[in-house]
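# Notes for the structure review
Residue strings, one per chain:
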Amino acid sequence: MSDVDAVSGADDADLVAGHEDQTAAAAAFVAQVTEYVLDFDKGHPHANILIAGKTGVGKSTLINTVFRGDMAETGIGRPVTQAIDEITKADVPLTIIDTKGLELADFTPIRTDILNYIEARKGEDAKTYVHVAWLCISDSSARIEDAELDLAKALKDAGLQVIVVLTKVSRFKDNPFEAVVREQFRDITSDIVLVRALSQNIYDDEDNVTSRQEVRGIDQLLNLSYIRLPEAQKYSFANSASISHKKAQEIKRNESETAINYFCTAAFAIGAAPIPFSDAALLAPLQAGMIIKISDVYGMDIGLNNVGQVMTSMVGVSGAISMVGKQIVTGAMKLVPGAGSLVGGTISGTTAAGLTKALGSQYASALSEINDKGKELTIDAAIAAVRKRIPF
Ligand SMILES: Nc1nc2c(ncn2[C@@H]2O[C@H](COP(=O)(O)OP(=O)(O)OP(=O)(O)O)[C@@H](O)[C@H]2O)c(=O)[nH]1
Ligand SMILES: [Mg+2]
């Protein structure tokens, strides 16, 4: 019998606690997990993206293609001024600042609106800052308006990272309009991205479909925006991206690491003064919080009700999550080579962080594996993938 088995055997008594104790323990567990999740969210606020461009250039279409949840269609638009709409959607940690009016003859009042708005958001809190702007220009327009150049310059002067997005692009290589845009915007930004947010058929003169142009360029836009956003907003941006894009999968994997590292640091702090193994349940709410935030970044809302099921399935134990904290940690030991023998029956900060990292990494790998196979991310699929990785 290993040390771990000996220790976990001694804890079985916990599982036969009375029903009332279980309810109270479950409520306490939920409260702790919620606190961990809220703390994480505080440090990883919404990503804020301003989008500007003449009417009909494809702003809404682009938003729906890049992000999950059909943001532009199904999100809630809050009109701030005549020119500005803030679009948000529950469970997508993103604020789109949709602006309009760039085509108007007198653009001046709108420009003032936008700049005042950006300034006001600076005043509140670093979390409300708008850092990145997508200035959309239709490739087919083949000309650049003074208002577009003027707004791009003003946004840059206001401290934003301006990305010029050529929309509805047909030809990506040696695009003549791209060269014009690069030249005209050279003093403002070199971030120019060509996109096609909708696929389209190409027809010959007999109206037969001769070929099809697929959605393209979104990965470059995702990549550039991700790079340009401040660290704190990267997690939310990755979370909000539609998983159908290759780059989105990559940044989601990256940001699941951000979540894992965050919770490992918290676990290390708990074990900084080594905790007796009997207190191992202290780590379970934190690890549950981590599983929730890893799920979130993949756009999967597992919620407090299912997190226990996912965790216990990972470590081969069963029972109410609130009552199996120690068993979870015991199970997690099996994921960490060498952690099986607990020196003096205590968990050090390093062990606590190691266990947490092992759980998080296995879970994130399971999710990205499901995604790589092109399967839908569901809780059942996640549990099945986790079980396959860690057979008990
Ligand atoms: N073929 C093709 N059509 C596109 C593309 N992007 C947008 N469209 C079409 O262009 C039209 C306008 O797109 P929207 O996304 O509504 O444009 P918008 O910039 O949001 O327009 P406003 O909200 O009026 O300012 C729609 O019919 C879209 O289907 C694209 O990449 N390719
Ligand atoms: Mg629109």
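Quick notes on the rules
- Residues numbered from 1 in each chain as written.
- Chains lettered and ligands numbered in written order.
- Predicted model: local features only at pLDDT ≥ 70, side-chain atom pairs only at ≥ 80, totals over all residues.
- Heavy atoms only, no water.
- Near = heavy atom within 4 Å.
- Polar contact = N/O pair within 3.5 Å; in protein donor to acceptor, adjacent residues only side chain to side chain.
- Areas by Shrake-Rupley, 256 points an atom, 1.4 Å probe, with all protein chains shown as cover.
- Helix = DSSP H or I, 4+ residues; strand = E, 2+ residues; numbered from the N terminus.
- Nonpolar A, V, L, I, M, F, W, Y, C, P; charged D, E, K, R; others polar.
- Buried < 20%, exposed > 50% of the residue type's maximum accessible area, 1.4 Å probe, protein only.
- Contact = heavy atoms within 4.5 Å.
- Pairing = 2+ DSSP bridges.
- Axes fitted to C-alpha atoms, helices over the stretch in contact; angles between N-to-C directions.
- Arc of directions from axis to C-beta.
- Phe/Tyr/Trp six-rings, centres within 6.5 Å; stacked < 30°, edge-to-face > 60°.
- Salt bridge = Lys/Arg side-chain N within 4 Å of Asp/Glu carboxyl O.

### A closer look at the site of ligand 1
Looking at ligand 1, the residues that line it are T55, G56, V57, G58, K59, S60, T61, K168, R196, A197, L198 and Q200. Here an oxygen atom of ligand 1 and a backbone polar atom of G58 are 3.0 Å apart. Contact with the protein chains hides 65% of the accessible area of ligand 1, taken as 650 Å² for the molecule alone. Here the shell around ligand 1 gets 3 residues from one element, more than from any other, and that element is helix 4 (residues 59-66). Class assignment of the residues belonging to the shell around ligand 1 gives a composition of 3 nonpolar, 6 polar and 3 charged.

### Some words on helix 4
Extensive coverage of helix 4 is indicated by the burial of 6 of its 8 residues. Among the residues of helix 4, those classed as buried are K59, L62, I63, N64, T65 and V66. As for helix 4, its buried residues are in contact with strand 1 (47-53), helix 5 (71-74), strand 4 (92-99), strand 5 (132-138), strand 6 (161-167) and helix 9 (218-228).

### Details of the sheet that holds strand 1
Remark on secondary structure: sheet strands pair via backbone hydrogen bonds, oriented parallel or antiparallel. Taken in spatial order, the 7 strands line up as 2-3-4-1-5-6-7 in an open sheet, and their pairing is mixed. The sheet is open, and its two edges are formed by strand 2 (76-79) and strand 7 (192-194), each paired on a single side. The mean angle between the axes of side-by-side strands here comes to 25°, regardless of whether they run parallel or antiparallel. Sheet analysis places strand 3 (residues 84-89) next to strand 4, joined by 5 bridges and oriented antiparallel. Within strand 4, the position partnered with I87 by the bridge is I96.

### Notes on helix 16 (residues 379-389)
Within helix 16, the full set of buried residues consists of I379, A382, I383, A385 and V386. Angularly, the buried residues of helix 16 cover 165° about the axis, an arc narrow enough to put them on a single face. Away from its buried face, by an angle of more than 90 degrees, helix 16 presents the exposed residues D380, R387 and K388.

### A look at the packing of aromatic side chains
Evaluated as defined, the whole model comprises 6 aromatic pairs. Taking 4.8 Å as the distance between ring centres and 80° as the angle between the ring planes, the aromatic pair formed by F40 and Y235 counts as edge-to-face. Placement of the pair is F40 in helix 3 (residues 19-43) and Y235 in helix 10 (residues 231-240), with a sequence separation of 195 residues. Accessibility assignment for this pair places F40 and Y235 in one class, buried. Measuring from centroid to centroid gives 5.0 Å for Y262 and F263, while their planes differ by 80°, and the two rings are edge-to-face. Note on Y262: relative accessible area 28%, which makes it partly exposed. What links up through ring pairs into an aromatic cluster is the set F40, Y235, Y262 and F263.

### What to know about the pattern of salt bridges
For side chains bearing opposite charge, pairing can occur when the charged atoms are close. Per the stated rule, a full pass over the model turns up 21 salt bridges. A salt bridge links E119 to K122, with the shortest nitrogen-to-oxygen separation between them at 3.6 Å. Of the two residues, E119 and K122 are both situated in helix 6 (residues 108-124); the distance of 3 residues between them amounts to about one turn of the helix. For K122, a relative accessible area of 29% puts it in the partly exposed group. The partner of K357 in a salt bridge is E257, and the shortest N-O contact between them spans 3.7 Å. A residue pair is termed long-range when its members are at least 10 positions apart, and K357 in helix 15 (residues 349-372) and E257 in helix 11 (residues 246-270) qualify at 100 residues. According to the relative accessible area criterion, E257 is partly exposed, its value standing at 24%. Beyond isolated ion pairs, a larger network of salt bridges with shared partners links D41, K293 and D296.

### Some thoughts on the pairing of strand 8 (residues 200-203)
Strand residues, when the strand is regular, have side chains that alternate between the two faces of the sheet. Sheet topology note: the strand 8/strand 9 (residues 209-213) ladder contains 4 bridges and is antiparallel. By the bridge assignment, Y203 is partnered in strand 9 with V209. Between the antiparallel neighbours strand 8 and strand 9 lie 5 residues, among them D207 with a positive phi of about 65°.

### Focus: the environment of F177
Residue position: F177 is located in helix 8 (residues 176-184). On the basis of relative accessibility, which here comes to 6%, the residue F177 falls in the buried class. Counting along the chain gives 39 residues from F177 to S138, while the straight-line C-alpha distance between them is 9.8 Å.

### A few points about the side chain of N239
Mapped onto the elements of the fold, N239 is located in helix 10. Engagement of the side chain of N239 in a polar contact is seen with the backbone oxygen of D296, the distance being 3.3 Å. Among residues more than four places away in sequence, those in contact with N239 are R68, D91, P93, K252, D296 and V297.

### Focus on unusual backbone geometry
In this structure, K168 takes a positive phi of about 55° despite not being glycine. Secondary-structure assignment places K168 in the loop between strand 6 and helix 8. Classification of K168 as partly exposed rests on a relative accessible area of 49%. The backbone phi angle of D207 is positive, close to 65°, even though this residue is not glycine. Its location among the elements puts D207 in the loop between strand 8 and strand 9.

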